[in-house]
Amino acid sequence: MDVSDTREAIEDAIRQVEDSQYLVARIPSVRIDAVQCFQEHHYQFIEAAIKLDCDLKKAQLPPRFQSIGQMVSWEKMSDKDLDILYSEIDQNIFKTDRIILDPFFTKKQAADRYKFWTMDLVREGHRPYQVIYNQKVVGFFLNKEIQPGVFDGLLAGTYHEYEGSGMGICVQYAGLEMAKQMGGKRYIGHVSGNNPAVLKTLEMIGFHIKLMEYILIKHN
């Protein structure tokens, strides 16, 4: 919905799709009245979708992490690397989005959503990069230039073996530095409110919250 939508417009939109099997509403965080309206129609809150923005001229690792940054590198994935990435996604390295947290969906369906999205991006020419720390592949990122000088960090993740190891900052830093090296001036990030650790990491390296939407769902 748009932030300026009236309650009448919201009610009308809800009626038009009320027979659909699965419904998702994205509500600007400033519209708590709209959240209440959807809840009256039996929609349930599942996550807060947070969009962040980073001025690449100002972005840098905090001093205590700069030695780690010197040990991070990245390289474009080969077809073999992509197979490894798809296997990692199959192991549900993405654990906080609305699909995997919804009991109506299986873990396989949640993983397939990310895997097929990644495959589509690769077919469009947006190949992921693997992130290397201390000569070990610890994760990946996938950036897309959406306009001159503006890069969108569409996907990033830490591989299963390194979950909880602190490698997330390496992955996020690599994506940011890659955008900077490509001549980027701004870098856009995305995170679920269900993942406060990644949000903290992004803010630590120079991101700030630009937009928050409440995601509500309904199954019929």
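A few points on the structure.

So, how was this worked out
Residues numbered from 1 in each chain as written. Predicted model: local features only at pLDDT ≥ 70, side-chain atom pairs only at ≥ 80, totals over all residues. Heavy atoms only, no water. Helix = DSSP H or I, 4+ residues; strand = E, 2+ residues; numbered from the N terminus. Rg over C-alpha atoms; globule rule 2.2 N^0.38 Å. Buried < 20%, exposed > 50% of the residue type's maximum accessible area, 1.4 Å probe, protein only. Contact = heavy atoms within 4.5 Å. Areas by Shrake-Rupley, 256 points an atom, 1.4 Å probe, with all protein chains shown as cover. Lys, Arg positive; Asp, Glu negative; His and termini not counted. Charge placed at Lys NZ, Arg CZ, Asp CG, Glu CD. Pairing = 2+ DSSP bridges. Axes fitted to C-alpha atoms, helices over the stretch in contact; angles between N-to-C directions. Right-handed = clockwise from strand over helix to strand, strands pointing away. Core = buried A, V, L, I, M, F, W, Y, C linked by side-chain atoms within 4.5 Å.

This brings us to the overall build of the protein chain. Helices and strands together make up the secondary structure of the protein chain, namely seven helices and eight strands. In terms of overall dimensions, the protein chain is globule-like: its C-alpha atoms have a radius of gyration of 19 Å, near the 17 Å expected for 220 residues. For the protein chain, buried positions account for 47% of its 220 residues. If you take every contact in the protein chain between residues at least 6 apart in sequence, the share linking residues at least 24 apart comes to 76%. Just so you have it, the protein chain exposes about 12000 Å², and 50% of that area is on carbon and sulfur atoms. In the protein chain, the 26 positive side-chain charges and the 30 negative ones have mean positions that sit 5 Å from each other.

Our focus in this paragraph is the sheet that holds strand β6 (residues 150–158). Pairing is mixed across the open sheet formed by eight strands, whose spatial order is β1-β8-β2-β7-β6-β5-β4-β3. Of all the strands in the sheet, just β1 (22–28) and β3 (72–76) have a single pairing partner and so form its edges. On average, each strand axis in the sheet is tilted by 30° relative to the strand beside it, whichever way the strands run. With seven bridges connecting them, β1 and strand β8 (residues 208–219) associate as antiparallel partners. Counterpart to V24 in the pairing with β8 is I217. Strands β5 (136–147) and β6 of the sheet are contacted by helix α5 (residues 107–123), whose axis makes an angle of about 140° with β6. Strands β2 (44–55), β7 (186–192) and β8 of the sheet are contacted by helix α7 (residues 196–204), whose axis makes an angle of about 15° with β2.

Taking burial as the measure, the seven residues of β7 include five buried ones, the bulk of the element. By the bridge criterion, seven bridges tie β2 to β7 in an arrangement that is antiparallel. Along β7, the bridge assignment pairs K51 with H190. Bridging between β6 and β7 involves three bridges; their strand directions are parallel. Within β7, the residue paired with F151 across the bridge is Y187. Taken together, β6, helix α6 (residues 168–181) and β7 constitute a β-α-β crossover, and its handedness is right-handed.

By size, the foremost hydrophobic cluster in this structure holds 47 residues, and its most contacted members are F140, L176, Y187 and F207. The element contributing the most residues to this core is α6, with eight residues. The contact partners of Y187, leaving out residues within four places of it in the chain, are L52, D53, C54, L56, N143, F151, D152, G153, G175, L176, A179 and F207. Core analysis: the next-biggest nonpolar cluster, separate from the first, contains 11 residues, I10, I14, I27 and C37 among them.

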